[in-house]
Amino acid sequence: MGDDIVLSHATKVIKGRVVLDDVSLRVRRGGVYGFTGVNGSGKTMVFRAISGLIHLTSGEVEVFGRPVRPGDEYPCNLGLILENVGFWDEYAGYDNLRLLASIRSLVGEGEIRRAMGRVGLDPSDDRPFETYSLGMRRRLAIAQAVMEAPDLLILDEPTNALDVGGVEMVRDAIVAERSRGATVLVACHNEPLLEALFDQRFRMCDGRIDGGGTDEE
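Right, let's walk through the structure included here. (Residues numbered from 1 in each chain as written. Predicted model: local features only at pLDDT ≥ 70, side-chain atom pairs only at ≥ 80, totals over all residues. Heavy atoms only, no water.)

Digging into the pattern of salt bridges
Once the charged atoms of two side chains with opposite charge are near each other, the side chains can pair. Spelled out, the test is: The term salt bridge refers to a side-chain nitrogen of Lys or Arg lying within 4 Å of a carboxyl oxygen of Asp or Glu. Here a strand is any run of E in DSSP of at least two residues, a helix any run of H or I of at least four, and the numbering for each starts at the N terminus. Exposure classes here rest on a 1.4 Å probe applied to the protein chains alone. A residue is buried below 20% of its type maximum, exposed above 50%, and partly exposed in between.
Scanning the model with the defined rule gives 17 salt bridges in all. A salt bridge links R208 to D21; the nearest nitrogen and oxygen atoms lie 3.4 Å apart. Of this pair, R208 sits in strand β10 (residues 208–209) while D21 sits in strand β2 (residues 17–28), and the two are 187 residues apart along the sequence. Judged by its relative accessible area of 38%, R208 is partly exposed. A relative accessible area of 28% places D21 in the partly exposed class.

A few points about the sheet that holds strand β1 (residues 4–14)
Heads up, the rule is: The criterion for strand pairing is that DSSP finds at least two bridges linking the strands in question.
With antiparallel pairing, the four strands of this open sheet are ordered in space as β2-β1-β4-β5. The sheet is open, and its two borders are formed by β2 and β5 (66–67), each paired with just one other strand. Bridge count for strand β4 (residues 58–63) against β5 is two bridges, and the pairing is antiparallel. Looking at β5, one finds that E62 is bridged to P67.

A closer look at unusual backbone geometry
A positive phi is found at K15, a non-glycine position, where the angle reads about 50 degrees. A residue is classified by how much of its surface remains accessible, and K15, at 86% relative accessible area, is exposed. In the Ramachandran plot, N190 falls in the positive-phi region, its phi being about 60 degrees despite a non-glycine side chain. Within the secondary structure layout, N190 lies in the loop between β8 (183–187) and α6 (192–195). Classification of N190 by relative accessible area gives exposed; the value is 66%.

Points about the packing of aromatic side chains
Put simply, the rule is: Aromatic rings from Phe, Tyr and Trp, with only the six-membered ring used for Trp, were paired whenever their centres fell within 6.5 Å, and each pair was classed as stacked if the ring planes differed by under 30 degrees, edge-to-face if by over 60, and tilted otherwise. The criterion is that NZ of a Lys, or CZ of an Arg, lies within 6 Å of the ring centre and within 35 degrees of the ring normal, and then a charge sits over that ring.
Counted according to the given criterion, the structure contains four aromatic pairs. Judged by centre distance (5.2 Å) and plane angle (75 degrees), the ring pair of F35 and F47 falls under edge-to-face. Pair noted here: F35 is in strand β3 (residues 32–36) and F47 is in helix α1 (residues 43–50), with a separation of 12 residues, a long-range link. A relative accessible area of 0% places F35 in the buried class. Residue F47 is classed as buried on the basis of its relative accessible area of 0%. When the centroid spacing of 5.5 Å and the interplanar angle of 50 degrees are considered together, the rings of F129 and Y132 count as tilted. Note on F129: relative accessible area 4%, which makes it buried. Taken together, the ring pairs in this structure connect F35, F47 and F202 into an aromatic cluster. For R29, the ring lying beneath its charged end belongs to F64, and the centroid distance is 3.8 Å.

A word on the packing of helix α3 (residues 109–118) against helix α4 (residues 134–146)
Basically, it comes down to this: In this analysis an axis means a line fitted to C-alpha atoms, helices contributing only their contacting stretch, and an angle means the value between N-to-C directions, from 0 to 180 degrees. For classification purposes, an angle smaller than 35 degrees is called roughly parallel, one larger than 145 roughly antiparallel, one from 65 to 115 roughly perpendicular, and anything else oblique. Should the near helix be turned anticlockwise from the far one by less than a right angle, the crossing is left-handed, and should it be turned clockwise, the crossing is right-handed. For this analysis, residues touch if any pair of their heavy atoms sits within 4.5 Å. Any residue outside Ala, Val, Leu, Ile, Met, Phe, Trp, Tyr, Cys, Pro, Asp, Glu, Lys and Arg is labelled polar, Gly included; the first ten of those are nonpolar and the last four are charged.
Contact geometry of α3 with α4 gives a least axis separation of 8 Å together with a crossing angle of 135 degrees. Taken together, the axes of α3 and α4 are oblique relative to one another. As for the relative orientation of α3 and α4, their crossing is right-handed in sense. In contact with A115, M116 and R118 of α3, α4 contributes L140, A143 and V146. Residues belonging to the contact of α3 with α4 are distributed by class as follows: five nonpolar, no polar and one charged.

Examining the layout of surface pockets
For clarity, the threshold we go by: For each structure, a 1 Å grid was placed over the protein atoms alone; sets of points admitting a 1.4 Å probe that cannot get out are labelled cavities, open sets with protein on both sides within 12 Å along at least five of seven lines are labelled pockets, and lining residues have an atom within 4 Å of a point. Grid points are joined across faces, edges and corners, and a volume is the space filled by probe spheres set on the points.
Each pocket or cavity is described by its volume, and for the largest pocket that value is around 590 Å³. Forming the boundary of the largest pocket are 30 residues, of which L78, G79, L80, R104 and Q144 lie nearest the centre. Elements that contribute at least two residues to the lining of the largest pocket include exactly β6 (78–81) and α4. If you tally residues by element for the lining of the largest pocket, the top one is β6, at four residues. Looking at the lining of the largest pocket, its residues break down into 17 nonpolar, eight polar and five charged. The volume enclosed by the second largest pocket comes to roughly 330 Å³. Along the walls of the second largest pocket sit 19 residues, with G40, G42, K43, T44 and M45 positioned nearest its centre. Residue assignment for the lining of the second largest pocket shows that the elements contributing at least two residues are β2 and α1. Among the elements that line the lining of the second largest pocket, the one with the most residues is α1, at four residues. Looking at the lining of the second largest pocket, its residues break down into four nonpolar, seven polar and eight charged.

Nothing here speaks to function; it is geometry throughout.
Here it is in structure tokens:
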């Protein structure tokens with residue numbers, strides 16, 4: 001149990017609308033787990049629940065044996081891409097990552113530069129973030145998610161705005177993180193290069209695990 005991520009009857013109601021509907025699932029440490037489904041099916045809300053960004057209406061979430069509650073210290077080192085990552089428009093990519101890294105002081109200049117290199121960005125590029133293309137913005141988001149060597153990596157549609165080379169970069173990053181021992185949760189649809197990596201797939205529909213179960217890979 002201590003090595004699992006567990007949702008138990010997770011339910012979330014927003015303004016009378018059920019966006020998570022009695023979701024129960026379990027994933028074990030160290031694998032790559034895929035969440036598929038159309039936009040609005042509940043994938044992002046599951047990730048919000050696991051990362052402690054929402055208060056559930058009912059139910060519970062545990063990560064590696066510890067409960068997840070908004071406002072509490074998170075149970076592990078978390079790397080996260082969830083919708084739009086907040087960067088400072090006036091700063092260059094490297095400076096943005098340096099400021100984010102200073103919050104917990106887990107990594108230094110070397111790790112930041114390596115993370116940017118992994119996603120194909122030049123740490124010495126001094127152009128401000130506001131001039132970045134959508135693809136460059138997504139690459140920087142991935143760099144911030146992996147730079148602190150997280151125990152749990154959550155990637156919500158990580159290939160948005162990326163070309164074929166970018167999709168291959170995301171695949172390589174997931175493989176590297178899994179090899180390092182991280183647990184990786186990925187939401188995507190119609191990305192065969194990523195879906196081939198899934199140890200287990202959860203199909204979401206209308207806030208539920210479709211069919212009440214999973215597709216085993």
